[in-house]
Amino acid sequence: MSGYYQMTLDDIANDTEKSFGNRKDLLDTMSLYGTALFLAACIQEMDVTRLTDADYWLDYLKQEVDDNGVPLE
């Protein structure tokens, strides 16, 4: 092996070091690559009409989540 390491989705999901409150705090602790994959997964699952809805994104970032980004209920 050449010393090259490719991150897996499990690595990205575990790319955090503390318990979280809101999603913005979670994203702030991730690597740039991890954040990009996290948001890409979110965008794939959402209605395309919400992509430009600023209120949706503010609520999304303020939502309380666990350390894997799953919303708390």
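Residues numbered from 1 in each chain as written. Predicted model: local features only at pLDDT ≥ 70, side-chain atom pairs only at ≥ 80, totals over all residues. Heavy atoms only, no water.

Trainee: How do you make sense of the nonpolar core when you look at a structure like this?
Mentor: One broad trend across soluble globular proteins is that nonpolar side chains are buried collectively. Leu-26, Leu-27, Met-30, Phe-38, Cys-42, Met-46, Tyr-56, Trp-57, Tyr-60 and Val-65 form the largest nonpolar core, which has ten residues in total. Residue assignment for this core shows that the elements contributing at least two residues are helix 2 (23–29), helix 3 (32–45) and helix 4 (54–62). Once you skip the residues sitting within four places of it in the chain, Trp-57 turns out to touch Cys-42, Ile-43, Met-46, Arg-50 and Leu-51. (Core = buried A, V, L, I, M, F, W, Y, C linked by side-chain atoms within 4.5 Å. Buried < 20%, exposed > 50% of the residue type's maximum accessible area, 1.4 Å probe, protein only. Helix = DSSP H or I, 4+ residues; strand = E, 2+ residues; numbered from the N terminus. Contact = heavy atoms within 4.5 Å.)

Trainee: Help me understand the packing of helix 3 against helix 4 in this model?
Mentor: The relative placement of two packed helices is expressed as an angle between their axes plus a distance between the axes. Where helix 3 meets helix 4, the axes come as close as 14 Å, and the angle between the chain directions of the two elements is 125 degrees. Between helix 3 and helix 4, the angle falls in the class oblique. For the crossing formed where helix 3 meets helix 4, the hand is right-handed. Mapping the contact onto sequence places Phe-38, Leu-39, Cys-42 and Ile-43 in helix 3 and Tyr-56, Trp-57 and Tyr-60 in helix 4. Partitioned by chemical class, the residues of the contact of helix 3 with helix 4 number seven nonpolar, no polar and no charged. (Axes fitted to C-alpha atoms, helices over the stretch in contact; angles between N-to-C directions. Parallel < 35°, antiparallel > 145°, perpendicular 65-115°, else oblique. Left-handed = near helix turned anticlockwise from the far one by under 90°. Nonpolar A, V, L, I, M, F, W, Y, C, P; charged D, E, K, R; others polar.)

Trainee: Just checking my understanding: could you explain helix 4 for this structure?
Mentor: Residue pairs spaced three or four apart in an α-helix point in one direction, given the helix's 3.6 residues per turn. Among all positions in helix 4, only Tyr-56, Trp-57 and Tyr-60 are buried. Buried residues in helix 4, looked at end-on, bunch into an arc of 95 degrees, giving them a common side. Of the exposed residues in helix 4, the ones pointing more than 90 degrees away from its buried face are Ala-54, Asp-55, Asp-59 and Lys-62. Check the buried side of helix 4 and you find it contacts helix 2 and helix 3. The N-capping residue of helix 4, defined by a side-chain oxygen 3.2 Å from the backbone nitrogen of Asp-55, is Asp-53. (Arc of directions from axis to C-beta. Polar contact = N/O pair within 3.5 Å; in protein donor to acceptor, adjacent residues only side chain to side chain.)

Trainee: Can you help me understand the pattern of salt bridges in this one?
Mentor: One side chain can pair with another of opposite charge once the charged atoms of both are near each other. Scanning the entire structure with this criterion turns up one salt bridge. A salt bridge links Asp-28 to Lys-24, with the nearest nitrogen and oxygen atoms 2.8 Å apart. A residue pair is termed a helical-turn pair when its members lie 3 or 4 positions apart in one helix, as Asp-28 and Lys-24 do in helix 2 at four residues. Given a relative accessible area of 52%, Asp-28 falls into the exposed group. (Salt bridge = Lys/Arg side-chain N within 4 Å of Asp/Glu carboxyl O.)

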